[in-house]
Amino acid sequence: EADIYQTPRYLVIGTGKKITLECSQTMGHDKMYWYQQDPGMELHLIHYSYGVNSTEKGDLSSESTVSRIRTEHFPLTLESARPSHTSQYLCASSEPIGPDTQYFGPGTRLTVL
Amino acid sequence: GENVEQHPSTLSVQEGDSAVIKCTYSDSASNYFPWYKQELGKGPQLIIDIRSNVGEKKDQRIAVTLNKTAKHFSLHITETQPEDSAVYFCAASKGDNYGQNFVFGPGTRLSVLP
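Fair warning: this is a prediction, and the values are worked out from it, not measured in the lab.

Chemist: Could you give an account of the state of the cysteines, with specific residues and numbers?
Modeler: Residues and elements named next belong to chain A. Taken as a whole and assessed by the stated rule, the structure comprises two disulfides over all chains. There is a disulfide in this structure between C23 and C91, and the S-S distance comes to 1.9 Å. Note on the C23 and C91 pair: the S-S dihedral is about -75 degrees, so by sign convention the disulfide is left-handed. Of this pair, C23 sits in strand 3 (residues 19-25) while C91 sits in strand 9 (residues 87-94); the two residues are 68 residues apart in sequence, bridging distant segments of the chain.

Have a look at this one:
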């Protein structure tokens, strides 16, 4: 079982609110990721980080932003939530080299009304 | 860039039967192919993986085969059980290079009927 945590697990919020989705891992992994999972199940990479102070945009454009101040922490922020942001958000981490296995957190299901 | 296709999108089997999910990839440089299982309300969990220097790998009821020439790989589940019901994702990665990310297939929803 991987030691990667996401909070909250479920969030229902009104349009225009600022939200932060938390992701933490205790494995000391340098590389971390955020995926957005649509109702059709597909996983879309929206952000990733190679390590502290590194953030990169993924394949799917997203209005969210991320930060990486500590190795173990990779929060995702939406400054002004909209209904189009309603989705499942999954955080993952992996070692920088070697098997490259990604370990996923349980996800945050976000609903914006 | 890499493109991963996965078939079928949904699969129903009777308990005890075998299930096969197939994926194809486009980038011949890809060398690491994991399979993830996602149960309802949970994140994907790695169930088996294979590297390009191996043609087949087995772990109890689960096996993965890789055909580098044809650029396709498959997941085989034998003696299926109701707890195998989940969404399965294949992925491809150039795993030896720092900074390479996975490309996931669109997923297969497997239902094992009692």
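And the narrative resumes.
Chemist: Tell me about the nonpolar core, residues and numbers included.
Modeler: Within the largest apolar cluster, 23 residues are counted, with the highest numbers of intra-cluster contacts made by W35(B), F73(B), L75(B) and L110(B). Of all elements in the fold, only strand 2 (10-14), strand 3 (19-25), strand 4 (32-38), strand 5 (45-51), strand 7 (62-67), strand 8 (72-77), strand 9 (86-92) and strand 11 (108-113) of chain B reach the threshold of two or more residues within this core. Counting 17 residues, the second-largest nonpolar core is a separate cluster that includes I19(A), L76(A), Y89(A) and V112(A).

Chemist: Mind laying out the pattern of salt bridges, listing which residues take part and the relevant values?
Modeler: This structure, assessed with the given rule, holds seven salt bridges over all chains. A salt bridge links R82(A) to E63(A), with the nearest nitrogen and oxygen atoms 2.7 Å apart. A residue pair is termed long-range when its members are at least 10 positions apart, and R82(A) in the loop between strand 8 (76-78) and strand 9 and E63(A) in the loop between strand 6 (56-57) and strand 7 (65-66) qualify at 19 residues. Here E63(A) falls in the partly exposed class, since its relative accessible area comes to 48%. Two residues, E39(B) and K42(B), come together in a salt bridge whose shortest N-O distance is 3.4 Å.

Chemist: Can you break down the sheet that holds strand 1 (residues 4-7) of chain A residue by residue, with the values?
Modeler: The strands that make up a sheet pair up through hydrogen bonds in the backbone, lying either parallel or antiparallel. Residue and element names in this part refer to chain A. A sheet is described by the order of its strands in space; here four strands give the open sequence 1-3-8-7, paired in antiparallel fashion. One side of each edge strand has no neighbouring strand; the edge strands of this open sheet are strand 1 and strand 7. By the bridge criterion, three bridges tie strand 3 to strand 8 in an arrangement that is antiparallel. The partner of L21 across the bridge, within strand 8, is L76.

Chemist: Quick rundown of the packing of aromatic side chains? Include the residues and the values.
Modeler: Residues and elements named next belong to chain B. Applying the stated rule across the entire model yields 15 aromatic pairs over all chains. Ring geometry for Y32 versus F102: centroids 6.0 Å apart, planes at 40 degrees, classification tilted. One end of the pair, Y32, is in strand 4; the other, F102, is in the loop between strand 9 and strand 10 (103-104), with 70 residues separating them in the sequence. With respect to burial, Y32 and F102 carry one shared label: buried. Look at Y36 and F102: their rings are 6.4 Å apart centre to centre, the planes differ by 55 degrees, and that puts the pair in the tilted class. Residue Y36 is found in strand 4, and its partner F102 is found in the loop between strand 9 and strand 10; the two are separated by 66 residues along the sequence.

Chemist: Give me the interface of chain B and chain A: which residues, what numbers.
Modeler: Taken together, the contact between chain B and chain A spans 26 residues of the former and 24 residues of the latter. Across the chain B to chain A interface the summed buried area is about 2,000 Å²; carbon plus sulfur atoms make up 50%. The interface formed by chain B and chain A contains zero salt bridges. For the pair chain B and chain A, the interface holds four residue pairs in polar contact (both at pLDDT 80 or more). Counting residues per element, the side of chain B that touches chain A draws most heavily on strand 5 of chain B, which supplies four residues. Tallied by class, the residues present in the side of chain B that touches chain A amount to 10 nonpolar, 12 polar and four charged.

Reading the values: rules and limits
- The numbering scheme is per chain: residues are counted from 1 as the chain's sequence reads.
- Whichever chain is written first is A, and whichever ligand is written first is 1; the rest continue in order.
- Predicted model: local features are reported for residues with pLDDT of at least 70 only, side-chain atom pairs are reported and counted for 80 or more only, and whole-chain, interface and lining totals are derived from all residues.
- Hydrogens and water are ignored here; the side-chain numbers use all heavy atoms of the structure.
- By definition, disulfides here are pairs of cysteine sulfur atoms that lie within 2.5 Å.
- Here a helix means four or more residues in a row that DSSP labels H or I, a strand means two or more in a row labelled E, and each is numbered from the N terminus.
- The set of buried Ala, Val, Leu, Ile, Met, Phe, Trp, Tyr and Cys residues whose side-chain atoms join them within 4.5 Å is what this entry labels a nonpolar core.
- Residue burial is assigned from relative accessible area. The probe radius is 1.4 Å, only protein chains are included, and a residue is buried under 20% of its type maximum, exposed over 50%, and partly exposed in between.
- For salt bridges, the criterion is a side-chain nitrogen of Lys or Arg within 4 Å of an Asp or Glu carboxyl oxygen.
- Strands are treated as partners if at least two bridges between them are detected by DSSP.
- The rule is short: rings of Phe, Tyr and Trp, with Trp giving its six-membered ring, pair when the centres are within 6.5 Å, and they are stacked under 30 degrees, edge-to-face over 60, tilted in between.
- Here, residues are in contact when the closest pair of their heavy atoms is within 4.5 Å.
- Accessible surface is computed with a 1.4 Å probe, and the buried area is the amount of it that two parts give up when combined, taken over both parts together.
- The definition of a polar contact used here is a pair of N or O atoms within 3.5 Å, where within protein one atom must be able to donate a hydrogen and the other to accept one, and adjacent residues in sequence count solely through side-chain atom pairs.
- Residues are grouped as follows: nonpolar covers Ala, Val, Leu, Ile, Met, Phe, Trp, Tyr, Cys and Pro; charged covers Asp, Glu, Lys and Arg; every other residue, Gly included, is treated as polar.

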